[in-house]
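Notes for the structure review
Residue-level listing of the chains:
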Amino acid sequence: MTVKYLIDTNILSEVKCPKPNSQVMTKLELHRKEIATASIVIHELFFGCLLIPNNDKS
């Protein structure tokens, strides 16, 4: 496995959208074995989840 693409928060967040961008989803599927993300992105996603009120989590 060779990492070719460093994925940012916006791209990873797109996956959870009610209607994700089809081009983004296609690229993620096409290159699923060649993508990675930075630890700061994981932190941003985790922190963002903590900001969501309990009754809005789904």
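Residues numbered from 1 in each chain as written. Predicted model: local features only at pLDDT ≥ 70, side-chain atom pairs only at ≥ 80, totals over all residues. Heavy atoms only, no water.

**Considerations on the pattern of salt bridges**
The full count for this structure, using the stated rule, is two salt bridges. Measuring nitrogen to oxygen at the nearest pair gives 3.4 Å for the salt bridge that ties lysine 4 to glutamate 34. In this pair, lysine 4 sits in the segment before β1 (5-7) while glutamate 34 sits in the loop between α2 (22-30) and β2 (35-37), placing the two residues 30 residues apart along the sequence. Given a relative accessible area of 55%, lysine 4 falls into the exposed group. (Salt bridge = Lys/Arg side-chain N within 4 Å of Asp/Glu carboxyl O. Helix = DSSP H or I, 4+ residues; strand = E, 2+ residues; numbered from the N terminus. Buried < 20%, exposed > 50% of the residue type's maximum accessible area, 1.4 Å probe, protein only.)

**As for the environment of leucine 6**
On the secondary structure map, leucine 6 appears in strand β1. Remark: the alpha-carbon pair of leucine 6 and phenylalanine 47, spanning 41 residues in sequence, is separated by 20 Å. Once you skip the residues sitting within four places of it in the chain, leucine 6 turns out to touch Ala36, Thr37 and Ala38. (Contact = heavy atoms within 4.5 Å.)

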